[in-house]
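# Summary of structural features
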Amino acid sequence: MEKRWTYIWFPHLLADWCLRKQPALTHTPFVLAIPVQGRMVVKAVSEKAQKAGIVQGMVVADCKAVLPHLEILNWEEGKEHKILTAIGEWCIRFSPVVAADPPDGLVIDTTGCAHLWGGEKKYLQDIEQKFSALSYHVQTAIAGTAGTARALARFGPPLSIVPPGKEKQALLPLPPASLKLDIAVLDRLSRLGMHTIQSFIDIPGAALRRRFGQVFLQTLHQALGLAPEFIQPLQPVTPYFQHLPCIEPVHTAKAIKIALEQLLKELCGRLKKEEKGLRSCLFTTYRTDGKQQQLRISTGQPTVSVQHLMKLLEPRISSVEPEPGIELFTLEAPHIMPLPTLQNVIWKTSTEQDEIKLAELLDTISNRVGAENIYYSQPAEHYWPERSFQTSVFSTKKKILPWPEQFPRPLQLLDNPIRIEVMVPLPDYPPVSFRLQGKWHKVKKADGPERIEQEWWIQQGHYRDYYYVENEEGARYWIFRLGH
């Protein structure tokens, strides 16, 4: 799939932001100014002030002479970067890969996204409509390189879309300023009479490097797709990420459930083809007012079961507040593991199905009460009975060791052995009766002894001789003699 890039340019970023914060300035021309060497210099211009002839870099005193009723606002250092970052994070609804291009642009990796909106034109139209509703002026473009998209968004016609492989033809009539070049380089090009990219685009690279430097040549080659251009996304990119935009904002839990199920089918289908399963997933809803709401679940084992994942997520849909309307759903799987290999069998057995059902039951419980509140027992590699098992938390579950099968063991062990009185016919024989907590038990059946030695590397002491005994009531006990 060929790479496609979208560029969003905000001609009046700071001014539009101020209008959102202070609607009373809607009909008033204003600028944001900063002190420079004892003079107030214009840093940002509103649309009405720009139409009156005010431009960035002018001295405020000169601006007042041109437009006496001009409103002057103070500019905060670093404010545009914070605003651009916040807007970029909001734009993740259009693509998971969004990067800031200071001071007033955003770069979006649109590869594989535009078809969800019905094509690239509708994709750009939707972007511009949404920003217009938020009172931001924007100009957008799509091309096969980020450099060309940037140039067209700033200096090309509205809603510029460059077909794949046509970047050079699109750049020819644009001025050199459309490329991200230093002011000194632009001044040199102007003095040489090179007022369009067409005037130098076919000059050999070695000559351009000698005259304008390696950075100039690198920038030109990136815009033409002859050199790679790397961007720094505002948020780490999750490889397994699905988008689902809405033609019209949705307002019901049923619509949310339908969207969730569709995203799960797409994501699980992709994972299944790659023989992978998800261990956690994050479902995010984007409302028309910019608010995001998230549902997160985790699983004990990798899974691609849509039915199981829906069972975990569906009870949480009621916590999502859809008003004033949800316009985009996303689903990402940040934690992925290979699926276990399943052996084909001639006839169906219940053992493997029981393990899957148990794992799904644990997932359901852990996502409701918390994995840290679920404990399980597994064997420990010790002979001494009190040390032969351990209790672990479900969230830190590791590979479970198989329980030893060569010797039977009781289902329940006391934390500490209880001393009992016994009657035996001979010293090494099983007891014929014993007294436990004041009650005498007559032994009907007995088996043993089984000798278990002390683990000398842990502690010193006598060995134990264990007997399995059953009383007349059918109750069974595991009792031992300590030493001789």
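Summarised in this report is the structure supplied together with it. Residue indices begin from 1 for each chain and proceed along its sequence in written order. Confidence filtering applies because this is a predicted model: local features only for residues at pLDDT of at least 70, side-chain atom pairs given and counted only at 80 or more, and all residues used for totals across whole chains, interfaces and linings. Hydrogens and water molecules were not included; the side-chain quantities draw on all heavy atoms of the structure.

With a 1.4 Å probe rolled over the protein chains alone, any residue whose accessible area is under 20% of its type maximum counts as buried; one over 50% counts as exposed, and the rest are partly exposed. To qualify as a helix, a DSSP run of H or I must reach at least 4 residues; to qualify as a strand, a run of E must reach at least 2; elements of each kind are numbered from the N terminus. Within the span of helix H1 (residues 13-21), buried status applies to Leu13, Leu14, Ala15, Asp16 and Cys18. When checking whether two residues touch, look at their non-hydrogen atoms; a contact exists if any pair is within 4.5 Å. Looking at the buried residues of H1, the elements they touch are strand S2 (30-36), strand S3 (39-45), strand S4 (71-74) and helix H4 (79-90).

Hydrogen bonding along the main chain pairs the strands of a sheet, whether they run parallel or antiparallel. The strand order across the open sheet built from five strands is S5-S6-S1-S7-S8, with neighbouring strands paired in mixed fashion. Of all the strands in the sheet, the pair left with one neighbour each is strand S5 (98-101) and strand S8 (160-161). In this structure, S5 lies alongside strand S6 (residues 105-109), joined through four bridges in antiparallel fashion. Among the inter-strand pairings, Ala99 is bridged to a residue of S6, identified as Val107. Sheet strands touched by H4: S5 and S6. Its angle to S6, the strand with the most contacts, is close to 25 degrees. Here helix H5 (residues 120-133) sits on the sheet and contacts strand S1 (5-9), S6, strand S7 (139-143) and S8; the angle it forms with S7, its principal contact strand, is near 155 degrees. Note on pairing: DSSP must find at least two bridges between two strands before they are called paired. Axis definition: a line fitted to C-alpha atoms, over the contacting stretch in the case of helices. Angles run 0 to 180 degrees between N-to-C directions.

The criterion for an aromatic pair is that two Phe, Tyr or Trp rings (for Trp, the six-membered ring) have centres within 6.5 Å, with stacked assigned to planes under 30 degrees apart, edge-to-face to planes over 60 apart and tilted to the rest. Per the stated rule, a full pass over the model turns up 16 aromatic pairs. With a centroid separation of 5.5 Å and an interplanar angle of 90 degrees, the aromatic rings of Trp456 and Trp457 are classed as edge-to-face. The two residues Trp456 and Trp457 agree in class, both being exposed. Three or more aromatic residues link up through ring pairs in this structure, and these residues are Phe10, Trp90, Phe94, Trp117, Tyr123, Phe131 and Tyr136. By definition, being over a ring means that NZ of Lys or CZ of Arg is both within 6 Å of the ring centre and within 35 degrees of the ring normal. Here the guanidinium or amino end of Lys43 rests over the ring plane of Trp75, the centre of that ring lying 4.9 Å away. One residue, Arg451, lies across the ring of Tyr463, its end atom 3.8 Å from the ring centre.

Looking now at the nonpolar core. Only buried Ala, Val, Leu, Ile, Met, Phe, Trp, Tyr and Cys residues count toward a nonpolar core, and they belong to the same one when joined by side-chain atoms within 4.5 Å. Of all hydrophobic cores here, the largest spans 34 residues; its most connected members are Ile8, Phe10, Ile87, Cys91, Tyr123 and Phe131. Among the secondary structure elements, those contributing two or more residues to this core are H1, S2, H4, S6 and H5.

One can find Arg150 in helix H6 (residues 146-155). Here Arg150 falls in the buried class, since its relative accessible area comes to 13%. By the criterion applied in these results, polar contacts are pairs of N or O atoms within 3.5 Å in which, for protein atoms, one can donate a hydrogen and the other can accept it, and in which residues neighboring in sequence qualify only through two side-chain atoms. In this structure the side chain of Arg150 is engaged in a polar contact, spanning 3.0 Å, whose partner is the side chain of Asp101. Residues contacting Arg150, with those up to four places away along its chain left out, are Tyr7, Asp101, Ser178, Leu179 and Lys180.

Each salt bridge in this description consists of a side-chain nitrogen of Lys or Arg and a carboxyl oxygen of Asp or Glu lying within 4 Å of one another. Inspection of every chain in the model, using the stated rule, returns 25 salt bridges. A salt bridge links Asp101 to Lys180, with the nearest nitrogen and oxygen atoms 2.3 Å apart. Placement of the pair is Asp101 in strand S5 and Lys180 in the loop between helix H7 (167-171) and helix H8 (183-191), with a sequence separation of 79 residues. Residue class for Lys180 comes out partly exposed when judged on its relative accessible area of 46%. Across the pair Lys130 and Asp126 runs a salt bridge whose closest N-O atoms are separated by 2.7 Å. Residue Lys130 and its partner Asp126 are both found in helix H5; the two are separated by four residues, about one turn of the helix. For the residue pair Lys130 and Asp126, the accessibility class agrees, reading buried in each case.

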